[in-house]
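So the chains spell out like this:
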Amino acid sequence: MLAKIISLVTGCVTFLGGFLVVWGAVQLGRSFGNRGGGGEGMEAGIATIAGGAIIIAAAVYFGQLDTSWMPA
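Below, the structure is looked at part by part. (Residues numbered from 1 in each chain as written. Predicted model: local features only at pLDDT ≥ 70, side-chain atom pairs only at ≥ 80, totals over all residues. Heavy atoms only, no water.)

The next subject is the overall build of the protein. What the protein contains, in helices and strands, is two helices and zero strands. For 72 residues, the compact-globule estimate of 2.2 N^0.38 gives 11 Å, and the protein exceeds it by more than 25% at 17 Å. Based on the C-alpha atoms only, the size of the protein along its principal axes is roughly 60 × 15 × 10 Å. The burial tally for the protein puts 14% of its 72 residues in the buried class. Pairs at least 24 residues apart make up 70% of the contacts formed inside the protein by residues separated by at least 6 positions. Roughly 5300 Å² of accessible area belongs to the protein as shown, and the carbon and sulfur atoms make up 72% of that amount. (Helix = DSSP H or I, 4+ residues; strand = E, 2+ residues; numbered from the N terminus. Rg over C-alpha atoms; globule rule 2.2 N^0.38 Å. Buried < 20%, exposed > 50% of the residue type's maximum accessible area, 1.4 Å probe, protein only. Contact = heavy atoms within 4.5 Å. Areas by Shrake-Rupley, 256 points an atom, 1.4 Å probe, with all protein chains shown as cover.)

Written out as C-alpha cells, the structure reads:
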C-alpha cells in the first residue's frame, strides 16, 4: 500500500518538475526574442529550469526510499 502511494507521489512530483523545466525553457526562449533588456526573463527562465531539475531529483530520491520495513 505504502509503495503504491510513494509511486503515485513520485510520478506526480516528477511530472511537476518536468513541467517546470519545459516552462523555464519557454521563458528562456521568449527572453531571447525580447531585444530590450531580456536579462530578467533569462534569469527567471534559468531559475525555473534549475528549480524543475531539483524537483525531479528530489522525486527520484523519494521514489528510492526503502519501504520494506512496512508490513504487507
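Next, the rest of the story.
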